Every structure is written in C-alpha cells, then in structure tokens.
Amino acid sequence: MVTYRIAGDQFLIVKFGEVFSLKTNFTVITLCERLRKLNIGGIRGVSTSVNAMMIHYDPLTITQDDLKSHIQQLNSMGDPEKEILRSRLFRIPVVYGDQWTQDCAADFNVSPNLDFVAALNEMSVPELIEMHQSCTYWVAYIGFLPGLVSFVPIDPEKRISARKYDIPRTRTPQGTLGIGGILQCIYPMDSPGGYQMLGRTPLPIYDLNRCNPIFAADIVLFRPGDRISFYAISHEEFTAIEDDIGRYEYDITAEDWTINDFPPEAGRQHV
Amino acid sequence: MFKVLKGGIMATVQDLGRPGFTSQGVPICGAFDAFSLKAGNYLLKNHLGEAGIEVLFPGFHIQVLSEMAVAITGGDLSPEVNGSPVDMWRAIRLTRGDVLHFTGLKSGCRSYIAFSGGIALPEVLGSKSTFLRGKMGGVQGRMLKEGDILHLGYNGIPISQIEGRHAKPPLVRNFADTANIRVIKGLEDFLFTEESVELFFSAKWKVSTKADRMGVCLNGPQLAFKPRENARSKEGGSDPSHILTDCMPLGAIQVVSGREPIVMGVDGPASGGYAKIGTVLSCDLSLVAQLITGNITMFNEICLEEGIEILKAQTALFSEDNVDF
C-alpha cells in the first residue's frame, strides 16, 4: 500500500504504510535501489526513512504523474519480498558509560544517561550493557547529519527505549552511541543532539578527509540495509584504536538477507 | 583574484548546492537566495550555477588583486567601492587595489557577489558550496576570513562585453520587512485541526531570533493537533507533533509542539521527527533567505499546479529581455 505526499514543487514523498516495521524498511530500501538503477532524467536525488522514500526532482523536466508511474513500475519489476539484499555486518567497539559522554551530560546538568536509560527499562546497568551487545541492529536510514546512522535491534524483544532530552544538548561528542525512542544512532561528528548517550565508539563513521581507506569510495560508513553489532572495550583500548585510526581494519562481513530473515513484529506506530 | 580584508559576520562560498546526497545525511546546501546568485551570474554571462559569495549582514571587505567584473545582488547591504556606493544588480568592473565592502543593512540580510568566471575552488560532492556543520566545500569548509586569497575561474568573455549590463525590474528583487511566501499544503497537514491549518495561512508570523541557513523560526499563534490515539507510542515520542522520523524536504515547515513553525533551510537536517504543515514553493525560498529577526511574514496557500506555473515564469526571467546594456 503506497501513498503519496506532496512536499512542495520539487519533492515527492512515497509512504509505504504507516507503522514501524523493518520489513517495510526492507521494501523501501530495495525499491529505492531499483529507482536509482533506472537513472530517470529529472530526478536529482532519492533518500529513505524507515517507511518512506523521498524523491527530489526537477518539475520542469519530469512531472509528478510521470514519477508516480515510475514508482508503479518498480513494483512490477518483481516482488520486493523475494529480493535478496547484500547486507554488511559491522562489528563496532564501544566504551559503555564512557567518561566523555558522562562529562558531557554533567556539563548540561543531566544525570549519567546510561543509568537513566537502564532505570527506564527496568534493568541494571550491567544487564543493559549485556543486552546491548547480545543483539544485531538493522540500519534503517542515514539522516539528520552527514553519515548519522539510525538503527534498531532486529529482535523486537531486545528493543529498549528512552525518551529524548527535553532541551537538546548543544554538544555531543563525535562517536557517541545514542538512543531516542526505540531508535539508536551514532553521532558522526561533534554536534547538537537530543538522544540519551549510552557510550562512545572510537571509529569514525563519516570522514570527508578519508583518513582511513574504508572511506575511499564513500565519505559515510553505513548505508540502509547494513547491520551492526557492538562489543565493549575499555578506555585504554579506545585510545589505542583512536591513535592508529588510519590503519584500523573495520570488521565487516557481507551476507545475503531476505525479508523473511526478520522475526515477526507487531507494528503499532501510526504516521 | 581577491583578498579578504574582513570576514564580517558570515561570508561563505556558495553555488546552487549538492542535491543527491540527502541519502547520506548531507543537506542540499548552496545559496539560500538562489534567485539572486543566479541573477548575478546571468548579468556576468556566467553559468547560472557558478559559485559566488553569500554575505550575511554588513562588515565583509575584500580587496581586488587583479581586474575583474562582479555583480552584487540579493539583499541590500549598502555595497561601496573605495568608500563610494555602487549599484547592485549591475555588472561592474573592479581594478587592482579596489576595496569592496558592505556598510549597512538596508533590506534583506544576504547579498551575493557573483564573479565573472566564478570562483576557482575544488568541488566536494559535486559542489563548491560551503556547508559549515559538515566542514565541507568552499574554503576548507569554513567561513571566509581575513587573509584568504581566492582565485577566479575564466569564462572567456572580455569585461568590456559585460560591464554595465544591468537587470530590468523583473530581474531585480526588492526585499521588504514583510513577505508573502507561497506554500503548498501537504505532508502531515492532516494531523493539525482544520482551524489551525486556516490559522496558519491567515496569521501574521514574526521571525524569531533563530534564523539561519538551517532554518528560520517564526513566532505566532499556537497551532493545535487533532487528538491521536497512537501519538504517545514509544516509537514516535510523547508529543502530538511527534511523528516517526521521516525525510525532510527543503522548505518544509515543521511545527514542533504546535508552536514556532520552522521553515527548513538549505543547510537543514535531512530528516526530522515532527509534523510538517506544508512546503514553501522552491523559488520563494529566496524570500525566506532574506528574512531577519522581527520581520513579518504571511503564508499564502497555492496548489502544486500554480507553483509549477510560477516556477516556469521565474525561470523565464533569465532572458536578455530583462537586461539593459
């Protein structure tokens, strides 16, 4: 079920359902790839969220009706549910409850965020840290800032949640692992932010200067449809990785992924 | 070639931006008032998308190091050359040693300096535009500052063939303290009460102190949302204006908690989690770009078809019929 939302004279948003669902996200990602491959004149860019695709187009070159018929065509290119996506799994080291984000929270007169999130989800901090490392996360979209990656546990049973800051921070350290609602993210650079801070990774996820060969092709590390798992490191290990980041070898394995690889979930979120 | 003597409040190199990277979280960037940059380039017979300088507020000074033609367009910041006022919306010749500076705010807030041949700088993600938060484009991803030396490109046109070209009124924009901005309703307008949608299009909105290239915030009446059973679900957040994070079109008007609508600007985030009531017509972003704190703006509803006709008419303005020489 596709609905269209007019977003001014040069954007069209295509909504695939109104509920939060990773299966929907999978469909959005595969159809977006198909659209890109069609290389349609007049389309300036395509981006995605969990359940929508945004097409930026030149209305003097292509009409909205033409765009809609191209979208219809995408569905006729084969059942997206039978698509196989090459999904990369990244293993990312994290210092949970690290000193930098704790200092940052203190600067904004907020209690340590990891303690707060653990209490909200009725678990102890060690339990939270253990659960956080025990699951694999699905990269749903990139947005808000260059390279800022948003992901959720693939297993709905492992989805903790936390409310965002009432007043956003004006500063968040680069590499901070954050949570807002059920979405988690990694901050690509020092920036404002409103997600609760769980920890920090030394690995750059955005690098315009391409200090590490991983950024040779793209300045951002992740793309929708990737997966992430996390493992705990110490402050000393963090510093060791950071000091030799140019030679760090990112731990990536690619696997085929289909829509049936997601466990069932009960979607409730409207709009 | 020219040298920056004073960086002023904020002067950045901008062209028409880098569309196509929102999927990586990179905003479209570029001149906020794209019409004015294009007009300057047109007067100089440049490509319309050649990079120029976006000057925010007075205080920016440059010294010319080699002869060049420039055109100053956009908001009127009282440009002077060697202390004497110069015409805007006109191709003028500057010679070695000339000092161009902006001395006072008359209308709007952003002037554009277009240079014959454009500015010679490397492109980052297909554009020379400066994106400050991403530290990309322009001069090392930052504002221009004292001591910067910039080189111009070459468009092969002798200055004598462009000097004195000036825009006739249709190609000149005047920016007043009040603006009427055309908006195509849409996105999450259905989440607002009907009265609030009407109120949005009839109220006078005052530009707040939060106005920059990321977005322009407006103060005015509180807007209300329809009651929503599932609004307080854990995925979306706890406020009725919260939605599941979605893509953010340039010019979308996001209304956090029903107050302070914000028109998303060229350097705005590529996604957002609050209800949007509509989107500003692309060519009217030039008007949004020139708003300053305290200005009054009203939003006029138009449909998509009207918007495209307006866009066509505006594209047709870049014609020799609208240039005197």
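This paragraph deals with the sheet that holds strand S4 (residues 52-57) of chain A. Residue and element names in this part refer to chain A. Ordered in space as S1-S2-S4-S3, the 4 strands form an open sheet in which the pairing is antiparallel. Of all the strands in the sheet, just strand S1 (2-6) and strand S3 (43-48) have a single pairing partner and so form its edges. The sheet shows a mean angle of 20° between the axes of neighbouring strands, taken without regard to direction. Taken together, the 5 bridges between strand S2 (residues 11-16) and S4 define a ladder with antiparallel strand orientation.

Before going further, it helps to spend a moment on the packing of helix H1 (residues 22-38) of chain A against helix H2 (residues 64-76) of chain A. Residue and element names in this part refer to chain A. The N-to-C vectors of H1 and H2 enclose an angle of 115°; their axes lie 10 Å apart at closest approach. Considering only the axes of H1 and H2, their crossing is right-handed. Packed against H1, whose contacting residues are Leu31, Arg34, Leu35 and Leu38, the element H2 presents Ile71, Gln73, Leu74 and Asn75 at the interface. Here the residues of the contact of H1 with H2 are counted per class, giving 5 nonpolar, 2 polar and 1 charged.

Positive phi, close to 75°, is recorded for Phe144 of chain A, a residue that is not glycine. Topologically, Phe144 of chain A is positioned in the loop between strand S6 (137-142) and strand S7 (149-153). By relative accessible area, Phe144 of chain A is classed as partly exposed at 35%. Here Ser257 of chain B, not a glycine, exhibits a phi torsion of approximately 55°, which is positive. Along the chain, Ser257 of chain B turns up in the loop between strand S17 (252-255) and strand S18 (261-264).

As a further point, take helix H5 (residues 125-133) of chain A. Residue and element names in this part refer to chain A. Restricting attention to buried positions, one finds in H5 the residues Leu128, Ile129 and His132. Projected onto a plane normal to the axis of H5, the buried residues spread over an arc of 95° and lie on a single side. Of the exposed residues in H5, those oriented more than 90 degrees away from the buried face are Pro126 and Glu130.

Low pLDDT means the predicted coordinates in that region are not meant to be read closely. Of all residues in chain A, 98% have pLDDT values of 70 or greater, and the mean over the chain is 93. Of all the helices and strands in chain A, strand S11 (residues 191-193) of chain A carries the lowest mean pLDDT, 89, while strand S13 (residues 227-232) of chain A carries the highest, 98.

Residue and element names in this part refer to chain A. Here the structure, examined in full by the defined rule, presents 18 aromatic pairs over all chains. Ring geometry for Trp100 versus Phe238: centroids 4.3 Å apart, planes at 35°, classification tilted. One end of the pair, Trp100, is in helix H3 (residues 99-107); the other, Phe238, is in helix H6 (residues 235-243), with 138 residues separating them in the sequence. A relative accessible area of 29% means that Trp100 is categorised as partly exposed. Taken together, the ring pairs connect Phe26, Trp138, Trp257 and Phe262 into an aromatic cluster. One cation-aromatic arrangement involves Lys68 over Tyr4; the distance from NZ or CZ to the ring centre is 5.1 Å.

It is worth spelling out the nonpolar core at this point. Residues and elements named next belong to chain B. Ranked by internal contacts, the top residues of the largest apolar core, which has 48 residues, are Ile181, Val288 and Phe299. Examining the composition of this core, we find that 4 residues originate from one element, helix H3 (residues 285-289), more than from any other. Apart from the residues within four sequence positions on either side, Phe299 is in contact with Ile181, Val183, Phe200, Phe201, Trp205, Leu218, Ile253 and Val263. In this structure, Ile53, Ala69, Leu150 and Ile159 belong to the second largest nonpolar core, which totals 43 residues.

Right, let's get into the interface of chain A and chain B. Facing the 47 residues of chain A at the interface are 48 residues of chain B. Here chain A and chain B share an interface that buries about 4100 Å² over both sides, 63% of which is from carbon and sulfur atoms. Across the contact surface, chain A and chain B share 2 salt bridges. With its nearest N and O atoms 2.9 Å apart, the salt bridge here joins Lys15 of chain A to Asp246 of chain B. At the level of secondary structure, the elements contributing two or more residues to the side of chain A that touches chain B comprise S1, S2, S3, S4 and S6 of chain A. When residues of the side of chain A that touches chain B are assigned to their parent elements, the largest contribution, 5 residues, is made by S3 of chain A.

Conventions adopted
- Residues numbered from 1 in each chain as written.
- Chains lettered and ligands numbered in written order.
- Predicted model: local features only at pLDDT ≥ 70, side-chain atom pairs only at ≥ 80, totals over all residues.
- Heavy atoms only, no water.
- Pairing = 2+ DSSP bridges.
- Helix = DSSP H or I, 4+ residues; strand = E, 2+ residues; numbered from the N terminus.
- Axes fitted to C-alpha atoms, helices over the stretch in contact; angles between N-to-C directions.
- Left-handed = near helix turned anticlockwise from the far one by under 90°.
- Contact = heavy atoms within 4.5 Å.
- Nonpolar A, V, L, I, M, F, W, Y, C, P; charged D, E, K, R; others polar.
- Buried < 20%, exposed > 50% of the residue type's maximum accessible area, 1.4 Å probe, protein only.
- Arc of directions from axis to C-beta.
- pLDDT = per-residue confidence, 0-100.
- Phe/Tyr/Trp six-rings, centres within 6.5 Å; stacked < 30°, edge-to-face > 60°.
- Lys NZ or Arg CZ within 6 Å of the ring centre and 35° of its normal.
- Core = buried A, V, L, I, M, F, W, Y, C linked by side-chain atoms within 4.5 Å.
- Buried area = accessible area lost by both parts, 1.4 Å probe.
- Salt bridge = Lys/Arg side-chain N within 4 Å of Asp/Glu carboxyl O.

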